[in-house]
Amino acid sequence: MSAMAARPGAILDRDGTLIDVVRDEETGTVQVAFHPSQLRLLPGVVEGLHLLAAAGYGLAIATNQPGPAKGQVSLAAVERTNSALLGLLAAEGIEIAALEVCLHHPSGGPGGDARWVTECACRKPKPGLLFRAIEHAGLDATRTWMIGDSAADVGAARAAHVRSALVFLEERCEICPLRDGPLVRPDLRAPRFDQLVAAILQTPHMNCSG
Ligand SMILES: [Mg+2]
Ligand SMILES: [Zn+2]
């Protein structure tokens, strides 16, 4: 074993994991944040990220943002919102070593930007975003977790051969329309981000022969 291997890592989903979705009380619909003013860190996120950083984990974000491909929001809005999130976390003393964004969508939507309407290798549950995060943040894949809130996050973790942990609250079922399918079983789950991190830090690293 090399003495100075890459560090352990946590690859973080954005919507529903770090920040809350945006609810329209009138229509009952939910969508993802597309403006800095809509950013609401979820309970336990700051505490959990501090725990991970203190334990030597490199932090990265891997997020599907098909809004521009679907004609729902502009690329600039996505980038502004992501930058504001990094700023919000930096203000809490949390450094994100890599931000990986998939803008693609296989079928797009009315008025969508055709540049992003395509199949790709990075839209979760595909593993491309996670591979990029591992490389850009200098993570050891055998000691890396994908932390998310959806089946796509678990699928991407499996495809990238990292472990998966889900923040999952049964009673927050109103966000189900944003999920990609039936929940598949993650390696760990907990109702709050910091509880999930505590469980991760108590789990032995994979004994990987690779
Ligand atoms: Mg999510
Ligand atoms: Zn993609």
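Our structure is the block above this text.
Residues numbered from 1 in each chain as written. Chains lettered and ligands numbered in written order. Predicted model: local features only at pLDDT ≥ 70, side-chain atom pairs only at ≥ 80, totals over all residues. Heavy atoms only, no water.

1. Considerations on the coordination of the zinc ion (ligand 2)
No. 1: Distances from the zinc ion (ligand 2) to its protein donors, namely Cys102 (SG), His104 (ND1), Cys120 (SG) and Cys122 (SG), fall within the range 2.1 to 2.3 Å.
No. 2: For the zinc ion (ligand 2), the 4 donor atoms in the first shell make angles of 97 to 117° at the metal, so the coordination geometry reads as tetrahedral.
No. 3: When the donor residues of the zinc ion (ligand 2) are listed from N- to C-terminus, their spacing reads C-x1-H-x15-C-x1-C. Note that cysteine 102 is positioned in strand E5 (residues 98–102) and cysteine 122 in the loop between E5 and helix H4 (128–136), a separation of 20 residues in sequence. (Donors = N, O, S within 2.8 Å, 3.2 Å for Na, K, Ca; no water. Tetrahedral: all angles 85-135°; square planar, octahedral: opposite > 155°, others 65-115°. Helix = DSSP H or I, 4+ residues; strand = E, 2+ residues; numbered from the N terminus.)

2. Looking at the environment of alanine 6
No. 1: Its location among the elements puts alanine 6 in the segment before strand E1 (7–12).
No. 2: Residue classification places alanine 6 among the partly exposed residues on the basis of a relative accessible area of 31%.
No. 3: C-alpha of alanine 6 to C-alpha of glycine 138: the two residues are 132 residues apart in sequence and 5.6 Å apart in space. (Buried < 20%, exposed > 50% of the residue type's maximum accessible area, 1.4 Å probe, protein only.)

3. A short note on the coordination of the magnesium ion (ligand 1)
No. 1: Within the protein, the atoms that donate to the magnesium ion (ligand 1) are Asp13 (OD), Asp15 (O) and Asp149 (OD), at distances of 2.1 to 2.2 Å.
No. 2: We note that the donor set of the magnesium ion (ligand 1) lies within a single chain, spaced as D-x1-D-x133-D.

4. Comments concerning the environment of cysteine 120
No. 1: Relative to the assigned elements, cysteine 120 resides in the loop between E5 and H4.
No. 2: The exposure class assigned to cysteine 120 is buried, which follows from its relative accessible area of 15%.
No. 3: In the structure, cysteine 120 is positioned 18 residues away from cysteine 102 in sequence and 8.6 Å away in space, judged by C-alpha atoms.
No. 4: With sequence-adjacent residues up to four places away left out, cysteine 120 is seen in contact with Cys102, His104 and Lys126. (Contact = heavy atoms within 4.5 Å.)

5. So, the pattern of salt bridges
No. 1: In total, this model carries 9 salt bridges according to the counting rule given.
No. 2: Between lysine 124 and aspartate 153 there is a salt bridge whose closest N-O contact spans 2.9 Å. Of the two residues, lysine 124 is situated in the loop between E5 and H4 and aspartate 153 in helix H5 (residues 151–160); the sequence distance between them amounts to 29 residues. With respect to class, lysine 124 is no different from aspartate 153; both count as buried.
No. 3: Taking the shortest distance from any N to any O, the salt bridge between arginine 192 and aspartate 194 comes out at 2.9 Å.
No. 4: Judged by its relative accessible area of 32%, arginine 192 falls in the partly exposed class.
No. 5: For aspartate 194, a relative accessible area of 16% translates into the label buried. (Salt bridge = Lys/Arg side-chain N within 4 Å of Asp/Glu carboxyl O.)

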